[in-house]
Amino acid sequence: MEGLTIGDGLKAMAAALSIGIGAAGPGIGIGLLAGRAMEALGRNPEARGPIQQNMILALAFAEAIAIYALVVAVIIVFVA
Amino acid sequence: MGGLISNPKILAVAIIGLAALLISLAGGALGSAFGGGFLGGPIPLIQLPAEKVVALGPYDLMNTTVMFWAAGLVLLLIAWRATRRMKEVPSGLQNLVEVIVEFFDTTADNVAGGAKHAGRRFLPLVLIIFLIVLLSNWLGILPGVGTVGRIETVGEWVEHHSHAYEEEIHEQYPDLTDAEVKKKAVKKTVEKYAAQQFVVFTGDRALGIIPLGRGEDAKVQLQDVVDIGAGDEHIKKDLEHSAVKRAPANADDPGKHSGLVGKRAGLLVPFFRGASTDLNTTLAIAIVAMVTVQIWGISALGLGHYSGKFIILNKGPINAFVGFLEAFGEIARTISFTFRLFGNMFAGEILLIVMAFLLPLIGIIPFMGLELFVGLIQAFIFAMLTLVFGVMASVSHGGDEEHAGAH
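Residues numbered from 1 in each chain as written. Chains lettered and ligands numbered in written order. Predicted model: local features only at pLDDT ≥ 70, side-chain atom pairs only at ≥ 80, totals over all residues.

Caption draft 1: A look at the sheet that holds strand 5 (residues 219–221) of chain B. Residues and elements named next belong to chain B. With respect to topology, four strands assemble into an open sheet ordered 3-6-4-5, the strand pairing being antiparallel. Looking at which strands have only one partner, the edges of the open sheet turn out to be strand 3 (149–153) and strand 5. Taken pair by pair, the neighbouring strands of this sheet meet at an average axis angle of 55 degrees, ignoring direction. Note: strand 4 (residues 197–200) against strand 6 (residues 265–270), two bridges, orientation antiparallel. Along strand 6, the bridge assignment pairs valine 199 with glycine 266. Running at roughly 75 degrees to strand 3, helix 7 (residues 154–172) makes contact with strand 3, strand 4 and strand 6 of the sheet. (Pairing = 2+ DSSP bridges. Helix = DSSP H or I, 4+ residues; strand = E, 2+ residues; numbered from the N terminus. Axes fitted to C-alpha atoms, helices over the stretch in contact; angles between N-to-C directions. Contact = placed C-beta atoms within 7 Å.)

Caption draft 2: View of the packing of helix 1 (residues 6–43) of chain A against helix 2 (residues 48–78) of chain A. Residue and element names in this part refer to chain A. Axis separation between helix 1 and helix 2 bottoms out at 8 Å; the angle between their running directions is 175 degrees. Considered as vectors, helix 1 and helix 2 are oriented roughly antiparallel to each other. Residue classes in the contact of helix 1 with helix 2 are distributed as 25 nonpolar, four polar and three charged. (Parallel < 35°, antiparallel > 145°, perpendicular 65-115°, else oblique. Nonpolar A, V, L, I, M, F, W, Y, C, P; charged D, E, K, R; others polar.)

Caption draft 3: Representation of the packing of helix 11 (residues 279–301) of chain B against helix 13 (residues 316–358) of chain B in the model. All names here are of chain B. It is the contact of helix 11 with helix 13, at a shortest axis distance of 8 Å, that shows an interaxial angle of 145 degrees. Note that helix 11 runs across helix 13; the crossing there is right-handed. Of the residues in helix 13, those touching helix 11 at Leu279, Thr282, Leu283, Ala286, Ile287, Ala289 and Met290 are Glu330, Arg333, Thr334, Phe337, Thr338, Leu341 and Phe342. Here the residues of the contact of helix 11 with helix 13 sort into nine nonpolar, three polar and two charged. (Left-handed = near helix turned anticlockwise from the far one by under 90°.)

Caption draft 4: Region of interest: the interface of chain B and chain A. Taken together, the contact pairs 15 residues of chain B with 13 residues of chain A. Of all elements in the fold, only helix 13 and helix 14 (365–394) of chain B reach the threshold of two or more residues within the side of chain B that touches chain A. Sort the elements by how many residues they give to the side of chain B that touches chain A and helix 13 of chain B lands first, with seven residues. Grouping the amino acids of the side of chain B that touches chain A by side-chain chemistry returns nine nonpolar, five polar and one charged.

Put into C-alpha cells, the structure is as follows:
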C-alpha cells in the first residue's frame, strides 16, 4: 500500500463519515416507520394491504436520504 | 427440526450447499489469506460514468445505452408474445401481463380517489415506467453483464487520458506542433498516473481472460509496463506493446510475480452494464416523469389555476414563499427520483462485485436474490411516486400540509 498520501486517507475518511453519519438518521426513521406499521397491523390486521403499500412508499422516502449520502460517498471515492 | 434432518433429500441438499459455500469461502479473497484463493480474481475497477463500447461516428455508444435498448426490446417481445394469441381465459404470459396491468389499474384508481377509471389517465406512463425500470434493473444482474467486454490496453488508456492535458500544454507552449503536444501530453499522463493499477490478462492477445486464482496479485502498476523516465520514442513503443515489462517488487517472495512478465495489461471495458447504474438513464426517466406530472396538472386544472400553486402574489409574503417552496419541491423531486434509483442500483452493482470477490461463484447467489428484490421495489416505488405526484398535481389547491412531506 505504498504511494498513498494523507489526502487519500482523508478522502477515505470523508467517504466513510458521509455514509456512516448519513445512514444513521434514515436508519432511525425506518425503524420508527416499520415499528408503527407493525403496531397498526396488530390493531387492525385486515388493513394489511394498504398498510404494507404505504409503509413501503414511506420507507422509500426515508431510504432516499441514506442513498444521497451513499451517492456523496461514491462521488468522493471515485470522482473527486 | 429432527424430521428435517432425518429426511435424506433435505440433508443431501444441505450438505451440498454447505460444501459449496465452504469452497467459495476458501476460494475467494477471504481464503487467499490462508493459502486458498484459487477462484479469486483481481477486484475490477469500479467507475461512475458509463464506458464507451464503440464510436458510431461522432456519437459514443455507451454500455448502459445498449442495456436500456435491450430492456426495451425485451419489453416489446414480451408484449408481442403476450398478445399474439389472446384468449378469453388467459394463461401463461398473457395471464402474467394481465395481472400486472390489473394491479396498476386498481392501484391507480384507488390513489386517484377510488372511482372506477379515475386513474386511467395516469396508467400508461406509470405502467411503462414500472416495466422499463424493472426490466433494466433485472437485466443488469444477468451473468455476463459487466463481466464480458473488450480489453482497453494500457496504451489506449493513456491515449484516452492524455487528451485532458493536450489543451493545457498547447497553451503553455503555443509554438509546438500537434504531434509534439501529443507526445508531451502522453509523457505527462504517464508521469501523473505512474501508480495507476492495471489487470494482467491471461490467454492470447485476441482473447483476454481475467486470471483466476491470483487475486490482487494479478495487478500491475503503470510504471511496471512503461519506463517512465525514458525518452518519448521508448514510451511510445512500450505503450504500443502494453505488456508487463518487469514483475512488481515483492519483498517476501522475489520470484512470485515473475510469471506476469510479457502478459498483456489493461482494463476490462464491459459491453453491457445495467442501465440504471448510469445517472443519465435515471435522470432521463425522472425528467420525463416530472414533466408529464406538470402536463397532467395543467390539463386537469388549467394553466392559470395550476400555476397558482407556485406563483402566489396576492396573499402576502408568507404565501408567496410557500409557492416558491412548492416550485422548488418539483425540482427536488426530480433529483430525488434520479438519485434514489441510481444510488440503489449502483450500490447493488458494487455489492455484487465485492461479494463476487469475497465469495466467488456460489456465495453471491443470496445477494443476487436481494438485488432481484431491490430491483422490483425500486421500479414499484418509481412508478408509485409518479402516480402519487400526478394525482397531487391534478387535485385542486387545498390543504398545503397534505403535500408538504413528499420529497
